[in-house]
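Tertiary structure, described
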Amino acid sequence: NAGVMQNPRHLVRRRGQEARLRCSPMKGHSHVYWYRQLPEEGLKFMVYLQKENIIDESGMPKERFSAEFPKEGPSILRIQQVVRGDSAAYFCASSAYRGTNEKLFFGSGTQLSVL
Amino acid sequence: GEDVEQSLFLSVREGDSSVINCTYTDSSSTYLYWYKQEPGAGLQLLTYIFSNMDMKQDQRLTVLLNKKDKHLSLRIADTQTGDSAIYFCAEMNYGGSQGNLIFGKGTKLSVKP
């Protein structure tokens, strides 16, 4: 039973390029969350998606960032025109349901480095 | 706004008990969580406690919750070198119609042999 799979593990981009981060939730999970961890910081919520729907994007920057979770395939977090401040670890989590005792299972993260 | 505070570092000797403390601000939180992050890995859910409880024990782990003071602690008995990691306290925030986890900055636990 594979856990939450994220790829790539490490991604290096130059300023101005695009970064695409992928996340495959655990089997049977239809709720996906993206979190960002800046150096020496805790994880900060970015966006919560269900299949084909963005439910809550209150933590996502208004510009350059977008997320999707299509009917088929992984969830994608896309960062356009990356800047050095985007360098961080991006974690995806999934859950089987949404409720007061939902348990989030996290992937190993994608470390984005912007040169 | 919501905030979760933790001390950043803790160092203990192997075999001793470790106590990691956390304070939170959202009194409406229903669940509070402890996650463990080993180097280069994602977060692993260690344990959680419902807000109407004041203690939960799970093998070597004991969680204490003081809801009045909004204080949460994680005690690890007989700490081993394999327990060396960063421990994150998190509360579930149900602001608006949806919820998300609010994390502290993490406590780095170092276990010396």
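As the structure is a computational prediction, the values presented were derived from the model and not from experiment. (Residues numbered from 1 in each chain as written. Chains lettered and ligands numbered in written order. Predicted model: local features only at pLDDT ≥ 70, side-chain atom pairs only at ≥ 80, totals over all residues. Heavy atoms only, no water.)

Details of the state of the cysteines
This is how the line gets drawn: By disulfide we mean two sulfur atoms from cysteines, separated by a distance within 2.5 Å. By definition, any uninterrupted DSSP run of H or I lasting at least four residues is a helix, any uninterrupted run of E lasting at least two residues is a strand, and each is numbered from the N terminus. The cut-offs for exposure are 20% and 50% of the maximum accessible area for each residue type, with area from a 1.4 Å probe on protein chains only; residues under the lower value are buried, those over the upper are exposed, and the others partly exposed.
Summed over the entire model, instances satisfying the criterion amount to 2 disulfides over all chains. Residue pairing for Cys23 of chain A: its cysteine sulfur links by disulfide to Cys92 of chain A, the two sulfurs lying 1.8 Å apart. The chirality of the disulfide connecting Cys23 of chain A with Cys92 of chain A is left-handed, given an S-S dihedral of about -55 degrees. Note that Cys23 of chain A is positioned in strand β3 (residues 19–24) and Cys92 of chain A in strand β9 (residues 88–95), a separation of 69 residues in sequence. On the basis of relative accessibility, which here comes to 0%, the residue Cys92 of chain A falls in the buried class. The residue that forms a disulfide with Cys22 of chain B is Cys89 of chain B, at a sulfur-sulfur distance of 2.0 Å.

Considerations on the packing of aromatic side chains
Operational definition: Stacked, tilted and edge-to-face are the three classes assigned to paired rings of Phe, Tyr and Trp, where Trp is represented by its six-membered ring and a pair needs centres within 6.5 Å; plane angles under 30 degrees give stacked, over 60 edge-to-face, the rest tilted.
All told, the structure shown has 13 aromatic pairs over all chains when counted by the stated rule. Consider the rings of Tyr35 of chain A and Phe103 of chain B, whose centres lie 5.6 Å apart with planes at 85 degrees: the pair is edge-to-face. Placement of Tyr35 of chain A in strand β4 (residues 31–37) and of Phe103 of chain B in strand β10 (residues 100–103) is noted, with the two residues assigned to different chains. Look at Tyr31 of chain B and Phe50 of chain B: their rings are 4.8 Å apart centre to centre, the planes differ by 40 degrees, and that puts the pair in the tilted class. Remark: Phe50 of chain B occurs in strand β5 (residues 43–50) and Tyr31 of chain B occurs in strand β4 (residues 31–37); sequence separation between them is 19 residues. According to the relative accessible area criterion, Tyr31 of chain B is buried, its value standing at 10%. Given a relative accessible area of 29%, Phe50 of chain B falls into the partly exposed group. Joined through ring pairs, the aromatic side chains of Tyr35, Phe45 and Phe106 of chain A together with Tyr31, Tyr33, Tyr35, Tyr48, Phe50, Phe88 and Phe103 of chain B make up one cluster.

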